[in-house]
Amino acid sequence: MSEAATLTRKADFPGLLTGEGAPWHYLDTAATAQKPQAVIDAMSRALGRDYATVHRGVYSRSAQMTLGYEAARRRTARFIGAQSEDEIVFVRGATEAINLVAASWGMTRLGQGDRIILSTLEHHSNIVPWQMVAERTGAQIDVCPLTEDHRIDLGALEALLTPRTKLVSLAHVSNVLGSVLDARAAADLAHSVGAKLLLDGCQAAPRMALDMAALDCDFYAFSGHKLYGPTGIGVLWARAELLDSMPPWQGGGAMIDRVTFDKTTYAPPPQRFEAGTPMITEAIALHAAIDYVDALGVDRLFEHEASLARQLRAELRNLNSVTLYGPEESAGIVSFSLEGVHPHDLGTILDEENVAIRAGHHCAQPLMDHLGIPATARASFGLYSDESDIAALLRGIERTQRIFG
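Residues numbered from 1 in each chain as written. Predicted model: local features only at pLDDT ≥ 70, side-chain atom pairs only at ≥ 80, totals over all residues. Heavy atoms only, no water.

Visitor: Requested: an account of the environment of M212, with residues and values cited.
Guide: Structurally, M212 is set in helix α8 (residues 212-215). When near neighbours in sequence (up to four residues on either side) are disregarded, M212 contacts I80, G81, A82, C217, Y220 and W237. (Helix = DSSP H or I, 4+ residues; strand = E, 2+ residues; numbered from the N terminus. Contact = heavy atoms within 4.5 Å.)

In structure tokens, the structure reads:
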């Protein structure tokens, strides 16, 4: 039995069945992951019998919920190899994490003529916030090109760096191509000119063992819902000294030390960046998701999904009408196009076959422009994926070819 077959745990995921009880071949995990029953149960308990607010109540249930919420922060810190839980800021998602850095660090540290480096393959969430910073501060954005096999070109990155480069912000794993960045090499390059490195880890956190010290980046952002947890929660990790130097970006309850009408003083990080009632139940469920993933072994997840991606690419390469994008070795994500068929039409026909893929520009329009296409079809694997999902996808593609042939 293959590694892919032994790792698959479809029975743990109630969402992998259709309403009629038939298998649903879910190949859109890069957009959002299905949830294991353990996560659903943890969130249900947190919303029900255990529910109370955190940090403020003196009654016992509030104290218990506070312990659970902060335990989730410690668990997250351990999962990514952070030095301290105080380096973990809970946010609504990776988009908010990047916007927090842009608003609190970027708006206060960057000025006229400073440079920000992004890459051609970035998600819009790692482009638009920096464009807003550039518009308001006078900083300028440089774009790092890709290699022929659609990886971030580190040689080109090195050539773009100057003493005016203050930030390099890159995807650890491309959400369209599955290409994996040599993050430590990127960190070394950025730091060689005194720049900071932010990594968008949305696709990496569910698939790769993370160690912030080994990566040597300065900021790391990822979302909970791609990590088999709930929506509405994400994580920003940053070096403690950076967080300590950054002003708050939202004001309200929980992020203060003392408030008067003359002056407000702020709580230390991470509370400084968590204004208002936090995402309590989501943090509890994220803890359960991390436990679930960690028990399987994140390195095994990467190889499981990469193996399925290799199998799919090999099958698609046998079809003359298919164009593949991205490197041969990818982190469980395969983007392709079918000659004469718009990806939306392919996605619609596949849906009739109980196969779910993503069709569109994947919030990466600059990358689509670079590839010279408006959209791709994208199949992305999860820990619950197996060869039956590939077979169903191929059957659906064959049916599409007959319809459009």
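Visitor: Describe in detail helix α14 (residues 387-404), supporting the description with residues and values.
Guide: With 18 residues, α14 extends 26 Å from end C-alpha to end C-alpha; this agrees with the ideal 26 Å at 1.5 Å per step. Listed as buried for α14 are D389, I390, A392, L393, L394, G396, I397 and T400. For α14, the secondary structure elements touched by its buried residues are β1 (25-26), α11 (298-317), β12 (333-338), α12 (343-352), β13 (355-356) and β15 (376-380). (Expected span 1.5 Å × (residues − 1). Buried < 20%, exposed > 50% of the residue type's maximum accessible area, 1.4 Å probe, protein only.)

Visitor: Would you mind going over the sheet that holds strand β2 (residues 88-91) in detail, with residue names and values included?
Guide: On the basis of which strands lie adjacent, the open sheet formed by seven strands has the order β2-β8-β7-β6-β5-β3-β4 and mixed pairing. Since the sheet does not close on itself, it has two edges, and those belong to β2 and β4 (140-144), each with one partner. Geometrically, the sheet is characterised by an average inter-axis angle of 20° between neighbouring strands, direction not taken into account. Bridge analysis of strand β5 (residues 165-171) against strand β6 (residues 196-200) gives five bridges, and the strand direction is parallel. Residue pairing across strands places L167 opposite K196, the latter belonging to β6. Contacting β2, β5, β6, β7 (219-223) and β8 (234-238), helix α4 (residues 94-109) crosses the sheet at an angle of about 150° to β7. (Pairing = 2+ DSSP bridges. Axes fitted to C-alpha atoms, helices over the stretch in contact; angles between N-to-C directions.)

Visitor: Can you explain empty space enclosed by the protein? Please cite residues and give values.
Guide: Overall, the coordinates contain one cavity of 30 Å³ or more when judged by the stated rule. Quantified by volume, the largest cavity comes out at close to 40 Å³. If you trace the largest cavity, you find it lined by T29, A30, Q203, P206, R207, K226, Y228, E305 and F381. Counted by class, the lining of the largest cavity contains four nonpolar, two polar and three charged residues. (1 Å grid on protein atoms, 1.4 Å probe; cavity = no way out; pocket = protein on both sides within 12 Å on 5 of 7 lines; lining within 4 Å. Points joined across faces, edges and corners; volume = space filled by probe spheres on them. Nonpolar A, V, L, I, M, F, W, Y, C, P; charged D, E, K, R; others polar.)

Visitor: Account for the packing of aromatic side chains, with residues named and values stated.
Guide: Applying the stated criterion across every chain yields a total of nine aromatic pairs. Judged by centre distance (5.0 Å) and plane angle (45°), the ring pair of W24 and Y26 falls under tilted. (Phe/Tyr/Trp six-rings, centres within 6.5 Å; stacked < 30°, edge-to-face > 60°.)

Visitor: Describe the pattern of salt bridges, and please don't skip the residues or the numbers.
Guide: By the definition in use, this model includes 25 salt bridges. Close ionic contact of D188 with R184 constitutes a salt bridge, the shortest N to O distance being 3.2 Å. Taken as a pair, D188 and R184 lie in helix α7 (residues 183-192) at a separation of four residues, close to a single helical turn. For D188, a relative accessible area of 42% corresponds to the partly exposed category. A residue is classified by how much of its surface remains accessible, and R184, at 37% relative accessible area, is partly exposed. Close ionic contact of R310 with E303 constitutes a salt bridge, the shortest N to O distance being 2.5 Å. Taking the relative accessible area as the measure of exposure, R310 reaches 29% and is therefore partly exposed. The class of E303 is partly exposed, set by a relative accessible area of 35%. Beyond isolated ion pairs, a larger network of salt bridges with shared partners links K10, D386 and D389. (Salt bridge = Lys/Arg side-chain N within 4 Å of Asp/Glu carboxyl O.)

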